[in-house]
Amino acid sequence: MPEIFITSKMKTEAGIIIEADKVADLQTKEVATLTKQTDGVVKYNLANFHLQRILNNNTRNKSIALLGCFPEQSDTDKAVVILEKQAFRESEVATESNQSGEQLLEKNCKDNVKKTSLMSYFCSDLKVQTEFINDIYGSYQCVPPVELNGVKTTVVYPASQKHIEKYTWVYNILDHKQEVERIVYEDPDPETGFILLPDLKWDGRTLETLYLLIITHKRGIKSLRDLNAHHLPLLRNIRSRAAEAIEKRYGLLSAQLRMYLHYQPSFYHLHIHINPIRNDAPGIWCEKSHMLDTVMNNLELIENYYQKATLPFVLHEGNELLEQYELKMSIRRAPKHLSEKYLEKDETSSSKKLKLDDITISEVVSK
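We now turn to the structure provided with this report. (Residues numbered from 1 in each chain as written. Predicted model: local features only at pLDDT ≥ 70, side-chain atom pairs only at ≥ 80, totals over all residues. Heavy atoms only, no water.)

Quick look at the sheet that holds strand S6 (residues 50-58) now. Either a parallel or an antiparallel arrangement is found when strands of a sheet pair, and the pairing is made through backbone hydrogen bonds. The four strands are arranged S6-S7-S8-S11 in an open sheet whose pairing can be described as antiparallel. Two strands in the sheet have a free side with no partner beyond their single neighbour: S6 and strand S11 (151-159). Looking at each pair of strands side by side, their axes are set apart by 20° on average, direction ignored. The pairing of strand S7 (residues 63-69) with strand S8 (residues 78-85) spans six bridges and is classified as antiparallel. Residue pairing across strands places glycine 68 opposite alanine 79, the latter belonging to S8. Where helix H2 (residues 161-174) meets the sheet, its contacts fall on S6, S7, S8 and S11, and the angle it forms with S6 comes to roughly 30°. (Pairing = 2+ DSSP bridges. Helix = DSSP H or I, 4+ residues; strand = E, 2+ residues; numbered from the N terminus. Axes fitted to C-alpha atoms, helices over the stretch in contact; angles between N-to-C directions. Contact = heavy atoms within 4.5 Å.)

To continue, consider the sheet that holds strand S15 (residues 257-262). Across the sheet, six strands lie side by side as S12-S13-S14-S16-S15-S17; this open sheet has antiparallel pairing. A single partner strand is all that each edge strand has here, and the edge strands are strand S12 (185-187) and strand S17 (289-291). Recorded for the sheet is a direction-independent mean angle of 30° between the axes of neighbouring strands. Running at roughly 80° to strand S14 (residues 212-216), H2 makes contact with strand S13 (194-198) and S14 of the sheet.

A few words now on the layout of surface pockets. Of the voids in this model, the second largest pocket is the one considered here, and its volume is about 930 Å³. Taken together, 43 residues make up the lining of the second largest pocket; nearest its centre are Lys162, Pro265, Ser266, Phe267 and Asn319. Those elements giving two or more residues to the lining of the second largest pocket turn out to be strand S2 (10-13), S11, H2, S13, strand S16 (271-276), strand S18 (311-316) and helix H6 (320-328). It is H2 that provides the largest number of residues to the lining of the second largest pocket, a total of five residues. Per-class residue counts for the lining of the second largest pocket are 20 nonpolar, 14 polar and nine charged. Viewed by domain, the lining of the second largest pocket spans two of them, domain 1 (47-86 + 120-167) and domain 2 (175-312), each represented by three or more residues. (1 Å grid on protein atoms, 1.4 Å probe; cavity = no way out; pocket = protein on both sides within 12 Å on 5 of 7 lines; lining within 4 Å. Points joined across faces, edges and corners; volume = space filled by probe spheres on them. Nonpolar A, V, L, I, M, F, W, Y, C, P; charged D, E, K, R; others polar. Domains from an automatic or database assignment.)

Take the packing of aromatic side chains next. Here the structure, examined in full by the defined rule, presents nine aromatic pairs. Aromatic pair tyrosine 44 and phenylalanine 70: ring centres 4.4 Å apart, planes at 20°, arrangement stacked. Of this pair, tyrosine 44 sits in strand S5 (residues 44-45) while phenylalanine 70 sits in the loop between S7 and S8; the two residues are 26 residues apart in sequence, bridging distant segments of the chain. Assigned by exposure class, tyrosine 44 and phenylalanine 70 land together as buried. Here the aromatic rings of tyrosine 44 and tyrosine 157 are separated by 5.3 Å at their centres, their planes lie at 75°, and the arrangement is edge-to-face. Pair noted here: tyrosine 44 is in strand S5 and tyrosine 157 is in strand S11, with a separation of 113 residues, a long-range link. Given a relative accessible area of 1%, tyrosine 44 falls into the buried group. Residue classification places tyrosine 157 among the buried residues on the basis of a relative accessible area of 4%. Pairwise contacts between aromatic rings join Tyr44, Phe49, Phe70 and Tyr157 into one cluster. (Phe/Tyr/Trp six-rings, centres within 6.5 Å; stacked < 30°, edge-to-face > 60°. Buried < 20%, exposed > 50% of the residue type's maximum accessible area, 1.4 Å probe, protein only.)

A separate point is the nonpolar core. In this structure, Leu196, Leu227 and Ile274 are the most contacted members of the largest nonpolar core, which totals 43 residues. Contributing elements (two or more residues each) for this core: S13, S14, helix H3 (232-250), S15, S16, helix H4 (292-301), S18 and H6. Looking at this core element by element, the count peaks at nine residues for H3. If you look at the next biggest cluster of nonpolar residues, it comprises 21 residues, including Ala159, Tyr167, Ile173 and Leu213. (Core = buried A, V, L, I, M, F, W, Y, C linked by side-chain atoms within 4.5 Å.)

This next bit is on empty space enclosed by the protein. Going through the model one piece at a time under the given rule, you end up with two cavities of 30 Å³ or more. By volume, the largest cavity is sized at about 90 Å³. Along the walls of the largest cavity sit Ile82, Glu84, Thr154, Tyr167, Tyr171, Arg219, Gly220, Ile221, Lys222, Tyr268 and His269, which together make up its complete lining. Secondary-structure elements contributing two or more residues to the lining of the largest cavity are S8 and H2. Among the residues making up the lining of the largest cavity, the classes are represented as five nonpolar, three polar and three charged. Put simply, the second largest cavity is a space of about 50 Å³. As for the second largest cavity, its lining consists of Lys222, Ser223, Leu224, Leu261, His262, Pro265, Phe267, His269, Leu270 and His271. When the residues that make up the lining of the second largest cavity are grouped by side-chain class, the tally is five nonpolar, four polar and one charged.

Here is the structure:
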């Protein structure tokens, strides 16, 4: 199958190509009216999302994955929307008496201007509804200020059947709704925990072709691009505990294992591949795999390494992401001087003729 080799500072988020050096962040505070657009390629209003069915509802992690569409754009293009309640921050429960002098000074200087970083649940904007008071116990429904009531939202649009299946499959595993009997090891910690289980590529018997997959409990890390130094405890825990579990279960030492991440990944929830070094597993070539030890070392040296780095990767012909890139830049067509060289070739030659618009960049360089 033809392939495209790409070296770019671009990354994928919510199904859209985003230039990492031009877009610093995707803010979710305007979720109600969010519109995304990349040179007219993808444009939708999140407020107009139409629900078709719920893919997964995780009550433990306070997240829900939804399948639907944006009718104003297309009735046939599917969209996957993931809503996730965010964890509490200690600064958001601070009261004026335990704020630092610097915070109080800034608050006094701004007077009546509210700063999001200084907002607290315990303020005049807190709406409280009493449900009952019984002796020393009280139960209330509280609605905090809007600045503290955001919902982290991820959108995949247009979403392929592969995306739909992956989000359903991954969350069902994490929620123990499917494949519980296949779990090799689990660390339930919501921040540094993970599930280790056999990849579907493995036959479950042949140790030489062992292929395991780690799926993190922590959500919101879509790919290698999202990792930073704050995720080092998670990666270190995976590195050590997974190796211990594999040695105990399969008798393979840590030095005999290859642990790596794919970029681009097959689905956008952080997962890590594991197989024996002697196994030439699919996807271990350098344009796709990134060794876990190398990833950790890069983050120890530069905390935001993967937000700055140029990451090469290969896309197969027919890949939706390739089509998105093609709309941003012409990457399929061969350079003019090479095109002429091909055209000057003897038409009677028995050598394979390549359609120039379809050949890969790597093929052009190597011919």
